[in-house]
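Below, each chain spelled out in residue letters.
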Amino acid sequence: NKIIFITDMLEHTDYFSIYRSGLDRNAFLGSRAPNKYSANLEDFDVYIWFIKRKRFNTGDVRKFWFAILSKVMNVNFPEETLNEQLLVLPGETDG
């Protein structure tokens, strides 16, 4: 089973907002978001294709969600497929 998310992963909800808290794992874990959105995804191959946004460093966003998804939602990101599973797509540019 494979799930592919194509997104900028810049969550902005009543439960948690990267725009308000930044890429703060403790803020995420202390919010209601883990309870609201948690799901056990260990039986799925999860792919997240990040769309770049100017406001946040995509590498930092990628690291943030890697930590959250692997710890909170039991997503397995094997070393050999990590770059394919957490792919960075072109998006907004400064030019």
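Our subject is the structure that appears above.
I will try to describe carefully the structure that is included in this document.

Reading the values: rules and limits
- Sequence order as written defines the numbering, with residues in each chain counted from 1.
- Given that this is a predicted model, residues contribute local features only at a pLDDT of at least 70 and side-chain atom pairs are listed and counted only at 80 or more, while totals for whole chains, interfaces and linings are drawn from all residues.
- Only hydrogens and water are set aside; all other atoms, that is, all heavy atoms of the structure, feed into the side-chain values.
- The rule is short: rings of Phe, Tyr and Trp, with Trp giving its six-membered ring, pair when the centres are within 6.5 Å, and they are stacked under 30 degrees, edge-to-face over 60, tilted in between.
- Helical segments are the DSSP runs of H or I of at least four residues, strand segments are the runs of E of at least two, and each set is numbered from the N terminus.
- Burial classification: accessible surface area is computed with a 1.4 Å probe over protein chains only, and a residue below 20% of its type maximum counts as buried, one above 50% as exposed, and the rest as partly exposed.
- Geometrically, a lysine NZ or arginine CZ counts as sitting over a ring once it is within 6 Å of the ring centre and also within 35 degrees of the ring normal.
- Following DSSP output, two strands are said to pair if at least two bridges run between them.
- Each residue after the first adds 1.5 Å to the expected span of a helix.
- When checking whether two residues touch, look at their non-hydrogen atoms; a contact exists if any pair is within 4.5 Å.
- What qualifies as a polar contact is a pair of N or O atoms within 3.5 Å, subject to a donor-acceptor requirement within protein and to the restriction that residues adjacent in sequence count only when both atoms come from side chains.

1. Some thoughts on the packing of aromatic side chains
Two aromatic rings are characterised by how far apart their centres lie and by the angle between their planes. Scanning all chains against the criterion turns up six aromatic pairs. Seen in terms of ring centroids, Tyr19 and Phe56 are 5.7 Å apart; in terms of plane orientation they differ by 75 degrees. Their pairing is edge-to-face. In this pair, Tyr19 is assigned in helix α1 (residues 18-21) and Phe56 in the loop between β2 (45-51) and α4 (58-72), connecting sequence segments 37 residues apart. Judged by relative accessible area, which is 16%, Phe56 ranks as buried. On the numbers, 5.0 Å between centres and 85 degrees between planes, the contact of Phe64 with Trp65 is edge-to-face. Each member of the pair, Phe64 as well as Trp65, is classed as buried. Here the guanidinium or amino end of Lys2 rests over the ring plane of Tyr47, the centre of that ring lying 4.8 Å away.

2. Some remarks on the pairing of β2
In this sheet, β2 lies alongside strand β1 (residues 2-7) in parallel orientation, the contact comprising six bridges. Counterpart to Lys2 in the pairing with β2 is Asp45. Relative to strand β3 (residues 86-89), β2 runs parallel, the two being bridged by four bridges. In the sheet register, Ile51 faces β3, and the bridge partner there is Leu89.

3. A word on α4
For α4, with 15 residues, the first-to-last C-alpha span of 21 Å sits near the 21 Å given by 1.5 Å per residue. For α4, the set of buried residues is Thr58, Val61, Phe64, Trp65, Ala67, Ile68 and Leu69. In this fold, the buried residues of α4 make contact with α1, α2 (25-30), β2 and β3. For α4, the capping residue at the N-terminal end is Asn57, with a side-chain oxygen 2.8 Å from the backbone nitrogen of Gly59. Once α4 ends, the next one or two residues include Asn74, with phi positive near 55 degrees.

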